[in-house]
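Overview (structure and organization)
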Amino acid sequence: MWKNEALKALKNYFGYDKFRKGQEKAIENIMEGRDTFVIMPTGGGKSLCYQIPALLLEGITIVVSPLISLMKDQVDTLNNMGISSTYINSSLSREEIDEKILEIGENKYKIIYLAPERLETMQGIFKMLDIKISLVAIDEAHCISKWGHDFRPSYRKVQYFIELLEPRPRVLACTATATELVKQDIIDLLGLRNPGLYFTGFDRENLTFKVFRGENKERFILEYIQDKKEDSGIIYVATRNDGEKLYETLLKKNCRVGLYHAGLSEEKRKSMQEEFMYDNVNIMVATNAFGMGIDKSNVRYVIHHSVPKNLEAYYQEAGRAGRDGEPGECILLFNSGDVFTQRYFIDNSNTSPERKAQEYNTLRAMVDYCYTSKCLRAYILEYFGEEATFINCSNCSNCNGDVEEKDITTEAQMIFSCIYRVKERYGLNTVLDVLKGSQNQKILKLSLDKVSTYGLMKDYDRKYLEELTNKLIADGYIVMTNEEFPVLKLTTKAVNSLKNKEQVFVTVRKIKEVIKKKNDLFNILKATRKSISEELKLPPYIIFHDATLKELSTYMPATKEAFLNIKGVGENKFEKYGAQFLEVIKEYLEEKNLKPIDNINKEDEINEGIKKVKEKVKSHLQSYELYKQGLSLKEIAKQRELSLITVQSHIFDCVAEGLEINIEEFIPEGTENKILEAINEVGAAKLKAIKELLPEGVEYTAIKAVICKHHL
Ligand code: ADP
Ligand code: MG
Ligand code: ZN
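Keep in mind that what you see is a predicted model, and the values were worked out from it rather than measured.

1. Overview of the overall build of the chain
If you tally the helices and strands in the chain, you get 31 helices and 17 strands. Against the compact-globule benchmark of 27 Å for 712 residues, the chain has a radius of gyration of 28 Å, which places it among compact chains. Its C-alpha atoms give the chain principal-axis dimensions of about 90 × 60 × 55 Å. Looking at the chain alone, contacts between residues at least 24 apart form 71% of all its contacts between residues at least 6 apart. Looking at the chain as shown, the accessible area adds up to about 34800 Å², and 49% of this sits on carbon and sulfur atoms. Across the chain, the 101 positively charged side chains and the 106 negatively charged ones have centroids separated by 3 Å.

2. Regarding the packing of aromatic side chains
Within the structure shown, the criterion is met by 22 aromatic pairs. Here Tyr460 and Tyr464 contribute two aromatic rings whose centre-to-centre distance is 6.3 Å and whose plane-to-plane angle is 5 degrees, an arrangement assigned as stacked. A residue is classified by how much of its surface remains accessible, and Tyr460, at 23% relative accessible area, is partly exposed. Under the relative-accessibility criterion, Tyr464 is labelled partly exposed at 28%.

3. Overview of the packing of helix α28 (residues 644-656) against helix α31 (residues 700-709)
Two elements in contact, α28 and α31, have axes separated by 10 Å at closest approach and are oriented at 15 degrees. One finds that α28 runs roughly parallel with respect to α31. By crossing handedness, the relation of α28 to α31 is classed as right-handed. The segment α28 lies against α31, with Ile645, Gln648, Phe652, Val655 and Ala656 engaging Thr701, Lys704, Ala705 and Cys708. Class assignment of the residues belonging to the contact of α28 with α31 gives a composition of six nonpolar, two polar and one charged.

4. Re the coordination of the zinc ion (ligand 3)
In the first shell of the zinc ion (ligand 3), the protein supplies Cys375 (SG), Cys393 (SG), Cys396 (SG) and Cys399 (SG), at 2.3 to 2.4 Å from the metal. Around the zinc ion (ligand 3), the four donor atoms are arranged such that angles at the metal cover 97 to 120 degrees; this shape is classified as tetrahedral. For the zinc ion (ligand 3), the single-chain donor residues occur in sequence as C-x17-C-x2-C-x2-C. Take Cys399: its relative accessible area is 4%, and that puts it in the buried class.

5. Some words on helix α4 (residues 68-81)
The terminal C-alpha atoms of α4 lie 21 Å apart, and with 14 residues this matches the ideal 20 Å at 1.5 Å per residue to within 8%. Against the buried residues of α4 lie α1 (2-14), α3 (47-56), β3 (85-88), β4 (111-114), α22 (540-543) and α25 (571-591). Following α4 by one or two positions, Gly82 adopts a phi angle in the positive range, close to 95 degrees.

6. Structural notes on the domain arrangement of the chain
For the chain, the assigned domains are domain 1 (2-199), domain 2 (207-402), domain 3 (406-509), domain 4 (520-600) and domain 5 (612-709). The gap between the C-alpha centroids of domain 1 and domain 5 is 48 Å.

7. Comments concerning the pairing of β4
With burial as the criterion, each face of β4 is covered, one bearing Ile111 and Tyr113 and the other bearing Ile112 and Leu114. With four bridges connecting them, strand β2 (residues 60-64) and β4 associate as parallel partners. If you follow Val64 over to β4, its bridge partner there is Leu114. For the crossover that starts at β3, traverses helix α5 (residues 94-105) and ends in the parallel β4, the hand is right-handed.

8. Side note on helix α13 (residues 336-347)
In an α-helix there are 3.6 residues to a turn, and that puts residues three or four apart on one side. Taking 1.5 Å of rise per residue, the 12 residues of α13 would be expected to cover 16 Å, and the 17 Å separating its terminal C-alpha atoms lies within 8% of that figure. Restricting attention to buried positions, one finds in α13 the residues Ser336, Asp338, Val339, Gln342 and Ile346. Buried residues of α13, seen end-on, are gathered within an arc of 140 degrees and therefore sit on one face of the element. The inward-facing, buried residues of α13 contact α9 (217-226), β13 (328-334), α14 (353-371) and α19 (462-474).

9. Details of the nonpolar core
One finds Ile52, Ile62, Phe126, Ile138, Phe209, Leu250 and Tyr369 to be the most contacted residues of the largest nonpolar core, which totals 162 residues. Element by element, the count of residues in this core is highest for α25, at eight residues. Those residues in contact with Phe209 that sit more than four places away from it in its chain are Tyr314, Tyr315, Ala318, Cys330, Tyr369, Leu376, Arg377, Ile380, Asn395, Cys396 and Ser397. Of all hydrophobic cores here, the second largest spans 31 residues; its members include Tyr627, Ile651, Phe652 and Val655.

10. Thoughts on the sheet that holds strand β12 (residues 299-304)
Two orientations exist for strands paired in a sheet by backbone hydrogen bonds: parallel and antiparallel. In spatial order, the strands read β8-β13-β12-β9-β11-β10; together these six strands make up an open sheet with parallel pairing. The open sheet has two edge strands, β8 (207-213) and β10 (257-260), and neither has a second partner. Going from strand to strand, the sheet's axes swing by 15 degrees on average, the running direction of each strand aside. Sheet topology note: the strand β9 (residues 232-236)/strand β11 (residues 283-286) ladder contains four bridges and is parallel. Following the sheet pairing, Ile235 is matched in β11 by Val285.

11. Brief notes about unusual backbone geometry
That bond from Glu166 to Pro167 is cis: its omega, -5 degrees, falls within 30 degrees of zero. Position of Pro167 among the secondary structure elements: in the loop between α7 (158-164) and β6 (170-175). At Asp130, a residue that is not glycine, the phi angle is positive and equals roughly 55 degrees. Mapped onto the elements of the fold, Asp130 is located in the loop between α6 (119-129) and β5 (133-138).

12. A word on the side chain of Glu103
Along the polypeptide, Glu103 turns up in helix α5. Taking the relative accessible area as the measure of exposure, Glu103 reaches 16% and is therefore buried. If sequence neighbours within four positions are ignored, Glu103 has contacts with Lys108 and Tyr109.

Cut-offs applied
- Residues numbered from 1 in each chain as written.
- Chains lettered and ligands numbered in written order.
- Predicted model: local features only at pLDDT ≥ 70, side-chain atom pairs only at ≥ 80, totals over all residues.
- Heavy atoms only, no water.
- Helix = DSSP H or I, 4+ residues; strand = E, 2+ residues; numbered from the N terminus.
- Rg over C-alpha atoms; globule rule 2.2 N^0.38 Å.
- Contact = heavy atoms within 4.5 Å.
- Areas by Shrake-Rupley, 256 points an atom, 1.4 Å probe, with all protein chains shown as cover.
- Lys, Arg positive; Asp, Glu negative; His and termini not counted.
- Charge placed at Lys NZ, Arg CZ, Asp CG, Glu CD.
- Phe/Tyr/Trp six-rings, centres within 6.5 Å; stacked < 30°, edge-to-face > 60°.
- Buried < 20%, exposed > 50% of the residue type's maximum accessible area, 1.4 Å probe, protein only.
- Axes fitted to C-alpha atoms, helices over the stretch in contact; angles between N-to-C directions.
- Parallel < 35°, antiparallel > 145°, perpendicular 65-115°, else oblique.
- Left-handed = near helix turned anticlockwise from the far one by under 90°.
- Nonpolar A, V, L, I, M, F, W, Y, C, P; charged D, E, K, R; others polar.
- Donors = N, O, S within 2.8 Å, 3.2 Å for Na, K, Ca; no water.
- Tetrahedral: all angles 85-135°; square planar, octahedral: opposite > 155°, others 65-115°.
- Expected span 1.5 Å × (residues − 1).
- Domains from an automatic or database assignment.
- Pairing = 2+ DSSP bridges.
- Right-handed = clockwise from strand over helix to strand, strands pointing away.
- Arc of directions from axis to C-beta.
- Core = buried A, V, L, I, M, F, W, Y, C linked by side-chain atoms within 4.5 Å.

Structural data, given as structure tokens:
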């Protein structure tokens, strides 16, 4: 019964056709009157888990939320869809609150958002007004726990509030944090009664994760945003200073850019945030102070200008991309020097030695993420205690051929020997001066023009040499000391490479030609949305999501019926905005002499999707063909312009399919039994854990090969 109604409400108000993973089960549990605990990643769709029951249940739903800045936004969104709601928090004046209470008494609202500080007073008022409360939803429920990262003492009052209501309403807790300690705290401190637990897993399929080491950050960012002029993105920096600098640079390039950090006045921060929400600026340069309140759904990319303090923080910040389910990119630019900044923060924080030690550990895991050659998504999932169901996701820079390994042995050895010859006493600039054979004062005065490597690389571009050196730093061949005047020193890795003439590989970003399909209707619709947004003083994404505009520009509906078939369009929104958008589409069709597409054929889309999957499937067979011709994996990778890791996984896919491959050649002699023992101990899913149990030098390839050979 409730299910039909729920689906109807989903379509009519929200304009969606089906529930996402976990939503339906959670709603069912709530509808049956039980307490519920929902753990979904950011953007997973937690709000619907209480908004739909709120519509179906008699009486009202209370939503407790820590984010005052977000309440107005959420309430605007709901009212805009035709779900009458309101909020009470400290941003309102006495008079405004009194008025809202009157309206609550008249049963005007279905959903009421409350700040936790307001619970005590409101409890009495609900009692007095004899209001029936059927559901209390606690959003960001981890705020109740000291173990989480956003502890709010006022959240501790929630249980008292709930227990005093008569009859006790059902309770829903929502969070994106799932460590055991926090989970237990939430259940205990909210007094959840035998709650149904719905955990959807942390994977965000629409996000692509990328790590690039040793890039020139500024140049990377400027290049990256070139063809992203219409997209919203966030660039996270580690310090205010970095933020100011990058902001200035982007301003000078005429970017529409905002800046957000804790050093700005509250007023300034608020206006910057609003400019971003309303799409007036499309890039936000921010420190981690730009945080929880960011519910903008159409953020298309999140770039980390330097490494954050741990993966929890990283995944949360990066997770602000693609909340609307459309593709999003999460890029981390890594330089080993940035690790010093994070260490400095830890060293100078006011915490116990134990806590510091723990923070060093989590930072270590973050840095490992930047160096891992395995699937980045699998790495993240495993860090959060989830088993990844894939080895290769095709959707991260380690799996999709975004980076490739490049042999730079010759250049690296020249650089190493120069650092060695200047006795590891100079910084980057001086080393480069020597290699380039510079005649500057310092070099001459120090007689560095007499060392044997002087001018050794004079034909190389200086910028290129700098980049190479940075990559060698990022990959642990060279360290830059953490001093006022940092000097370059060789690690054992570099020394070994010099001594044994070992090859040096670095991963470099592959430059790809991207051919983009451009559809100008999308931009026209965006402009329409912008003007409505200004008129109504509502952020654009509250009117329609980007995904909705994208479908509109693809299907170009000309009738109400066709328009209602578009994702994200419900009856209410159609009433409000349908006419204006239909008009614009009609004009466009006439101007271009096109016919409307009345039959939205999502079938086509599905077929397209299947085709893509098939192409992907075929890809490993192409690698197989080359393998059969006797090419080595490296040669295959080169020829097909894929990363070595991708080709490896192709070959293992082929083994799994029973194709003829001599798997033994990937397993060095004498390692097989050791690998099997390690797998026995920790299971086959945790490659990293397996590797840690093995002697140095056993590569992931060998581990994967053994897993493959024994069908583990
Ligand atoms: P969370 O609170 O878990 O971070 P939200 O509740 O803000 O996520 O939802 C994120 C986005 O996903 C919103 O834009 C929402 O409209 C969209 N969404 C939620 N459920 C569905 C669904 N069943 N189908 C399509 N989109 C959905
Ligand atoms: Mg939420
Ligand atoms: Zn991957």
